[in-house]
Amino acid sequence: MADLRTWLDDVNKLGQLITVNNADWDLELSTLTEIINERSKVRPAIVFDKIKGYPEGYRIAVNLLSSLQRLALTMGMDPKIGEFDFVQQWRRQVKTIQPIDPRKVKSAPLFENVQKGADIDLLKFPVPRWHELDGGRYIGTDDLVVTRDPEEGWVNVGTYRIMIHGRDHMGLHMSPGKHGRVHRDKNHAEGKALPIAVSFGHHPINFLVASTDVPNRVNEYAYAGGITGVPLDVVDGPLTGLPIPADSEIAIEGEVLPNDFMPEGPFGEWTGYYASNQPAVPVIRVKAVYHRNDPIMCGFPLLKPSSGDNLHFSLMRSALIWNALDEAGVPDVQAVWAHPSGGRFMTVLAIKQRYPGHARQAAMIASQCRSGAYLGRYVIVVDEDIDITNSEEVIWAISSRSDPVESIEILRRCWSGPLDPRIAVSDKGLSSRAIIDATRPYEWRDKFPKSSGASRELKDKVAGEWKSFLDQKVGAK
Ligand SMILES: Cc1cc2nc3c(=O)[nH]c(=O)nc-3n(C[C@H](O)[C@H](O)[C@H](O)COP(=O)(O)O)c2cc1C
Ligand SMILES: [Mn+2]
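Treat the numbers as computed from the prediction; the structure is a model and nothing was measured.

By nearness alone, 17 residues border ligand 1, and Gly158, Arg161, Ser175, Lys178 and His179 come closest of all. Counting residues per element, the ones that place at least two in the shell around ligand 1 are strand 8 (155-158) and helix 5 (179-189). Of the residues assigned to the shell around ligand 1, the class counts are four nonpolar, 10 polar and three charged.

As structure tokens, this is what we get:
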């Protein structure tokens, strides 16, 4: 069964886990994560222990899915898979996922410690302040908010940010249209409280599904089972009956009452900017806290994308955009890369040009398909000789093959939203797009000056012959 502690052991065996002792929950652990990510290629999973002011064993785990190997491990793929192959495999898999219902178990280590009523204190856990201007300590970043549709009965699991207000209450930010929000709105329209359970530490497959688009009415636990091929184990919350992962380290049960709001935020968002000043958002009134001995809380610091912990979002979205191009009938797409540093704002495509207009067609569709449209800004299309996962090559292609007057196309009044830092309030959710066609112009592509870089064959040949020298003196690639 999926278990966070076993997962951490496996990651340790991969050589991608580090433990940091004595960091402060107040900005230090998130800043250390940012520094580690900027300096390390591997971007290891990090477990913080002996956090200042807290007992040893009360841990925070971050950066869990920021390497391809750990993402593959989490999804039941071979950790040695390459970026390109991962995208290809996810493209195939995502089309045929058959949800597998979670398996109910009767007991779980989660209930080793139970607090109710006056004994509840959410700050018994080393909840971080993640960013300097955050409005509070956010317990919910890598969290699972579990709710039930009061009319249809299905259970949703979503990741929504949660800020601590006090000992037993916290603010829950759910945007309009999100499944948990719909469940809340339906209950509140009837004047009823929304029963809720939230897990704060669990196997990362849970976070992966709770924070990505899963179809309406599909339970995220079942979707996770469909990805890995193994059903998740869940245990019913004693107060709400809502399913909580059986490996959960920390969870709460409670309710969200109608007309119970408090100011929440600001919070450093995935765009790399603070967003939503201090809206009044609903309050979770906590009725019970459960936790394992020596609990591990999972966190997703939402670093600036360029010092990112968001690789998995990019890889998975790349596959979805590629599938959309396929379904729209665009041929010969060679690769799609939703660049991690671009947040959602930039997508790069490589195509093998087949006919006049092919490049524009591909780029327009990539910019407007479901997975590429929201908060998009730039779509860059290049020829197939460019390695689009390598930003240096992409910059070279834009610089040398595009002509600003001919190659840039602007689309106006496209789908944006309040998280876009570059739209004025008066723009009401609309933004523009640019397509940068950095392919060789179709009409004279054969006459385009030949690239002077060594051909792939020549490079492979020389690299093979000089392998031991290069490995020793320069390091493996
Ligand atoms: C760290 C993190 C925090 C998030 N916070 C919020 C949030 O506060 N509100 C929100 O509506 N979506 C938030 N999201 C996005 C949702 O998790 C995502 O849209 C998910 O698909 C929602 O699930 P649902 O489709 O079941 O509603 C967050 C995502 C991540 C990774
Ligand atoms: Mn959902």
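What follows picks up the thread again.
Before going further, it helps to spend a moment on the nonpolar core. Counting 124 residues, the largest nonpolar core has Val146, Val198, Leu349, Ala362, Val381 and Val382 as its most contacted members. Broken down by element, this core gets its largest block of residues, eight residues, from helix 8 (residues 311-327). Each of domain 1 (98-301) and domain 2 (310-464) gives at least three residues to this core. The residues touching Val198, leaving out its near neighbours within four places in the chain, are Gly140, Asp143, Leu144, Val145, Val146, Ile162, Ala251 and Ile252.

In the contact formed by helix 8 and helix 9 (residues 358-368), the axes pass within 9 Å of each other and the chain directions differ by 125 degrees. As summarised for this structure, helix 8 and helix 9 are arranged oblique, according to the angle between their axes. For the crossing formed where helix 8 meets helix 9, the hand is right-handed. Judged by residue contacts, Ile321, Ala324 and Leu325 of helix 8 engage Ala362, Ile365 and Ala366 from helix 9.

Before going further, it helps to examine the domain arrangement of the protein chain. Each domain of the protein chain was delimited in the assignment, giving domain 1 (98-301) and domain 2 (310-464). If you average the C-alpha positions of domain 1 and of domain 2, the two centres end up 36 Å apart. Tallying the contact residues gives nine residues for domain 1 and seven residues for domain 2.

Here the focus is unusual backbone geometry. The step from Gly265 to Pro266 runs through a cis peptide bond, and the omega angle for that step is -5 degrees. Mapped onto the fold, Pro266 is located in the loop between strand 14 (250-263) and strand 15 (267-268). Notably, Asp294 is not glycine yet its phi reads approximately 45 degrees, a positive angle. Relative to the helices and strands, Asp294 resides in the loop between strand 17 (280-291) and strand 18 (296-299). Of note in the backbone geometry, Asp332 takes a positive phi value of approximately 55 degrees without being a glycine. In this fold, Asp332 is placed in the loop between helix 8 and strand 19 (333-338).

Procedures and definitions
Residues numbered from 1 in each chain as written. Chains lettered and ligands numbered in written order. Predicted model: local features only at pLDDT ≥ 70, side-chain atom pairs only at ≥ 80, totals over all residues. Near = placed C-beta within 6 Å. Helix = DSSP H or I, 4+ residues; strand = E, 2+ residues; numbered from the N terminus. Nonpolar A, V, L, I, M, F, W, Y, C, P; charged D, E, K, R; others polar. Core = buried A, V, L, I, M, F, W, Y, C linked by C-beta atoms within 7 Å. Buried ≥ 20, exposed ≤ 12 C-beta atoms within 10 Å, placed from the backbone. Domains from an automatic or database assignment. Contact = placed C-beta atoms within 7 Å. Axes fitted to C-alpha atoms, helices over the stretch in contact; angles between N-to-C directions. Parallel < 35°, antiparallel > 145°, perpendicular 65-115°, else oblique. Left-handed = near helix turned anticlockwise from the far one by under 90°.

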